[in-house]
Amino acid sequence: MKIVCIVERQRRASIKRPPTPDAEDETDREPTIQEIINIKLIESGEKERLKELLRERLIECGWRDEMKALCRAHARKKGRNNVTVDDLVHVITPKGRASVPDSVKAELLQRIRSFLSSTAL
């Protein structure tokens, strides 16, 4: 029985995840403005509509095809069998975020501002 407990403790310690916050800590703090806005966006269904709009705009401007090409080039360079999804995400994410057109960002920001002005927080 003692060996099982030691093995179980070692297995738990090997998992890389942040510690679980105490339940007391969660109840004492007030939600941030960002959390409140996120809840309102989800409850109203606006978050899904914004995500769909973003998808459409990124496809229209060719951003999605650019990211596909970058992924393929990276896979060719490293060898198909040597590339993981995590590796692709790590390499492509900074380039992808930096290459989103300003017009797409502006349109989304305007839609979020309109939502916030029509919603009483």
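Reading the values: the criteria
- Residues numbered from 1 in each chain as written.
- Predicted model: local features only at pLDDT ≥ 70, side-chain atom pairs only at ≥ 80, totals over all residues.
- Heavy atoms only, no water.
- Patch = residues over 30% accessible without salt bridge, like charges linked within 9 Å, V, L, I, M, F, W, Y side chains within 5 Å.
- Areas by Shrake-Rupley, 256 points an atom, 1.4 Å probe, with all protein chains shown as cover.
- Salt bridge = Lys/Arg side-chain N within 4 Å of Asp/Glu carboxyl O.
- Lys, Arg positive; Asp, Glu negative; His and termini not counted.
- Charge placed at Lys NZ, Arg CZ, Asp CG, Glu CD.
- Helix = DSSP H or I, 4+ residues; strand = E, 2+ residues; numbered from the N terminus.
- Core = buried A, V, L, I, M, F, W, Y, C linked by side-chain atoms within 4.5 Å.
- Buried < 20%, exposed > 50% of the residue type's maximum accessible area, 1.4 Å probe, protein only.
- Contact = heavy atoms within 4.5 Å.
- Axes fitted to C-alpha atoms, helices over the stretch in contact; angles between N-to-C directions.
- Parallel < 35°, antiparallel > 145°, perpendicular 65-115°, else oblique.
- Left-handed = near helix turned anticlockwise from the far one by under 90°.
- Nonpolar A, V, L, I, M, F, W, Y, C, P; charged D, E, K, R; others polar.
- Polar contact = N/O pair within 3.5 Å; in protein donor to acceptor, adjacent residues only side chain to side chain.
- Expected span 1.5 Å × (residues − 1).
- Arc of directions from axis to C-beta.

This part takes up a positive patch on the surface. A grouping of Arg64, Lys68, Arg72, Arg76 and Arg80 is seen on the molecular surface, where their side chains present a positively charged patch. Within the element layout of this structure, Arg76 appears in helix H5 (residues 63-78).

So, about the nonpolar core. Counting eleven residues, the largest nonpolar core is built from Leu41, Leu50, Leu53, Leu58, Trp63, Met67, Ile92, Val100, Val104, Leu108 and Phe115. Contributing elements (two or more residues each) for this core: helix H4 (46-60), H5 and helix H7 (102-118). Not counting the four nearest positions on each side in its chain, Phe115 is found in contact with Lys40, Leu41, Ser44 and Glu46.

Across the interface, H4 lies against H7 with an axial gap of 10 Å and an inter-helix angle of 165°. Considering the angle they form, H4 stands roughly antiparallel to H7. When you trace H4 past H7, the crossing you get is right-handed. Here Glu46, Arg49, Leu50, Leu53, Leu54, Arg57 and Leu58 of H4 lie close against H7, whose contacting residues are Val104, Glu107, Leu108, Arg111, Ile112 and Phe115. Of the residues contributing to the contact of H4 with H7, the split by class is eight nonpolar, no polar and five charged.

This paragraph deals with the pattern of salt bridges. Pairs can form between side chains of opposite charge once their charged atoms are near each other. Evaluation of the coordinates by the stated rule reveals nine salt bridges. Close ionic contact of Glu56 with Arg57 constitutes a salt bridge, the shortest N to O distance being 3.9 Å. Taking relative accessible area as the criterion, Glu56 reaches 36% and is therefore assigned partly exposed. One continuous salt-bridge network, built from bridges that share partners, spans Glu56, Arg57, Glu60 and Glu107.

Take the side chain of Asp87 next. Within the secondary structure, Asp87 sits in helix H6 (residues 85-98). A polar atom in the side chain of Asp87 sits 3.1 Å from the side chain of His74. Ignoring sequence-local partners within four residues, the contact set of Asp87 consists of His74 and Lys78.

All right, on to H4 then. The end-to-end C-alpha distance of H4 is 21 Å, a good match for the 21 Å that 15 residues give at a rise of 1.5 Å each. Looking at H4, one finds that the buried residues are Glu46, Leu50, Leu53 and Leu58. An end-on view of H4 places all buried positions within 130° of arc, on one side of the element. Elements in contact with the buried residues of H4: helix H3 (33-44), H5 and H7. Looking one or two residues past H4, Gly62 carries a phi angle of roughly 90°, positive in sign.

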